[in-house]
Structures are given as structure tokens and as C-alpha cells.
Amino acid sequence: ANSLEKIEESFWQEGYKTHRSAFATIRHRCVLLNCYSGVLRHEIVYNGKLNDLLCINHHDQRANNEQFIQVMQMGVGKTVKESGKKQYGRSMRYKDVRKCSVGATGLYLLYRFQKSGEMEEGRRPDFTNNCSWFDIELLTAGKKNG
């Protein structure tokens, strides 16, 4: 097995013991796979906001299939200075779910929103109003806020 497969196996072996370790494992897996496949630096993902993510459903006419592409905007980082010029990291769905950063991001957000209660009725942001959701952090500690 290659290094990525060993790390993936380690995540699943160590991450199931408690909610806290499961959440941290799913979050770290999301970061690892996004950095690996999206050619991103970890601080870009850790400092990212929900509005830095964009998902595109692209129809490839030559192959006659749908391609799901996840794009992450990089505003500031080691290679992106505060010049106002943005760069983008991208990744596509991968056939092996153990290496799919799009699936890892989806699993992380699903687990986070379920456990934190952020998307429960009355707490859910108004996605039609940018001010109500543009500052939501992409990665959190996953704690339920009262």
C-alpha cells in the first residue's frame, strides 16, 4: 500500500472511538485529501470560509458523462500574497472513495452540520443573503453552540 492508503487506514482505525475523535478524523481526512488532490497548502483549507468553495457540474460532451468539480478559492497564503489576485485549487470526484476529496468534504460537512446543529431550523443561515453565511468557517471544532 502507498503512503496515502496507509494514512487513510490509520484515520479509520483511530477515528471511530468517540464523537470527538471521529469528528477530528473526518476533518483531518478532508484537509489531507483536499491538499493532496487540489494542490492546496493546508493553511488555505484551515483558513477557508464556506464561500471559498464552489462546486461545478460539468458535462463532458466528448466522453458523454458528468464531471463534478470542486473549486477552492485561495485569497491569502504563502504563495498568494495580499495583492488581491486570487488563485484556485481544484479537484474532481475520484473513483476510489478512499481518495476522493469531494466525498471527504461532503462527509465532513454532513457530519459537522448534523453534530453541531448549525443547520437546524431557526439556526440555519439565509443562503439568499450573503451577509448571513459568507463568514462561516469551513473547518470548525464541531461543537454544538447553545
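So, how was this worked out
Residues numbered from 1 in each chain as written. Predicted model: local features only at pLDDT ≥ 70, side-chain atom pairs only at ≥ 80, totals over all residues. Heavy atoms only, no water. Helix = DSSP H or I, 4+ residues; strand = E, 2+ residues; numbered from the N terminus. Buried < 20%, exposed > 50% of the residue type's maximum accessible area, 1.4 Å probe, protein only. Contact = heavy atoms within 4.5 Å. Areas by Shrake-Rupley, 256 points an atom, 1.4 Å probe, with all protein chains shown as cover. Expected span 1.5 Å × (residues − 1). Arc of directions from axis to C-beta. Polar contact = N/O pair within 3.5 Å; in protein donor to acceptor, adjacent residues only side chain to side chain. Phe/Tyr/Trp six-rings, centres within 6.5 Å; stacked < 30°, edge-to-face > 60°. 1 Å grid on protein atoms, 1.4 Å probe; cavity = no way out; pocket = protein on both sides within 12 Å on 5 of 7 lines; lining within 4 Å. Points joined across faces, edges and corners; volume = space filled by probe spheres on them. Nonpolar A, V, L, I, M, F, W, Y, C, P; charged D, E, K, R; others polar. Pairing = 2+ DSSP bridges. Axes fitted to C-alpha atoms, helices over the stretch in contact; angles between N-to-C directions.

Attention shifts here to the overall build of the protein chain. A tally of helices and strands in the protein chain yields five helices and three strands. Going residue by residue from the N terminus, the α and β elements of the protein chain occur as α-α-α-β-β-β-α-α. Taken across its 146 residues, the protein chain has 39% of its residues classed as buried. Long-range contacts, defined here as pairs at least 24 residues apart, represent 54% of the contacts in the protein chain between residues at least 6 apart. Accessible surface computed for the protein chain: about 9,600 Å², of which carbon and sulfur atoms make up 52%.

Right, let's talk about helix H1 (residues 3–14) for a bit. Taking 1.5 Å of rise per residue, the 12 residues of H1 would be expected to cover 16 Å, and the 17 Å separating its terminal C-alpha atoms lies within 8% of that figure. Looking only at H1, the buried set comprises Leu-4, Glu-8 and Phe-11. The arc that holds the buried residues of H1, viewed along the axis, is 55°, so those residues lie on one side. Away from its buried face, by an angle of more than 90 degrees, H1 presents the exposed residues Ser-3 and Lys-6. Looking at where H1 begins, the residue whose side-chain oxygen comes 2.8 Å from the main-chain nitrogen of Glu-5 is Asn-2.

All right, on to the packing of aromatic side chains then. Under the defined criterion, the tally for this structure stands at four aromatic pairs. Between the aromatic rings of Phe-23 and Tyr-108, the centroid separation amounts to 5.6 Å while the plane-to-plane angle is 45°, which identifies the pairing as tilted. Of the two residues, Phe-23 sits in helix H2 (residues 19–38) while Tyr-108 sits in helix H4 (residues 101–116), which places them 85 residues apart along the sequence. Assessed through its relative accessible area of 2%, Phe-23 is described here as buried. Of the residues examined, Tyr-108 reaches a relative accessible area of 0% and is grouped as buried. Joined through ring pairs, the aromatic side chains of Phe-23, Tyr-108 and Tyr-111 make up one cluster.

Size it by volume and the largest pocket reaches roughly 150 Å³. Taken together, the elements giving at least two residues each to the lining of the largest pocket come down to H2 and strand S3 (87–92). Here the residues of the lining of the largest pocket are counted per class, giving four nonpolar, three polar and two charged.

Moving on, we get to the sheet that holds strand S1 (residues 53–60). Strand pairing in a sheet is mediated by backbone hydrogen bonds. Such pairs are either parallel or antiparallel. Ordered by their spatial adjacency, three strands build an open sheet running S1-S2-S3, and the pairing between neighbours is antiparallel. Bordering the open sheet on either side are S1 and S3, each of which pairs with just one other strand. Averaged over all neighbouring strand pairs, the angle between strand axes comes to 30°, with direction disregarded. As paired elements, S1 and strand S2 (residues 65–74) share eight bridges and run antiparallel to each other. Following the sheet pairing, Leu-53 is matched in S2 by Met-72.

Given a rise of 1.5 Å per residue, 16 residues ought to cover 22 Å, and the 22 Å separating the end C-alpha atoms of H4 matches this to within 8%. Of the residues making up H4, those classed as buried are Ser-101, Val-102, Ala-104, Thr-105, Tyr-108, Leu-109, Tyr-111, Arg-112, Phe-113 and Ser-116. The positive-phi residue at the C-terminal boundary of H4 is Gly-117, with phi of around 80°.

Turning our attention to the environment of Ser-37. Topologically, Ser-37 is positioned in helix H2. Considered as a pair, Ser-37 and Cys-100 are 63 residues apart in the sequence and their alpha carbons are 8.1 Å apart. When neighbours within four sequence positions are excluded, Ser-37 is seen to be in contact with Arg-90, Ser-91 and Ser-101.

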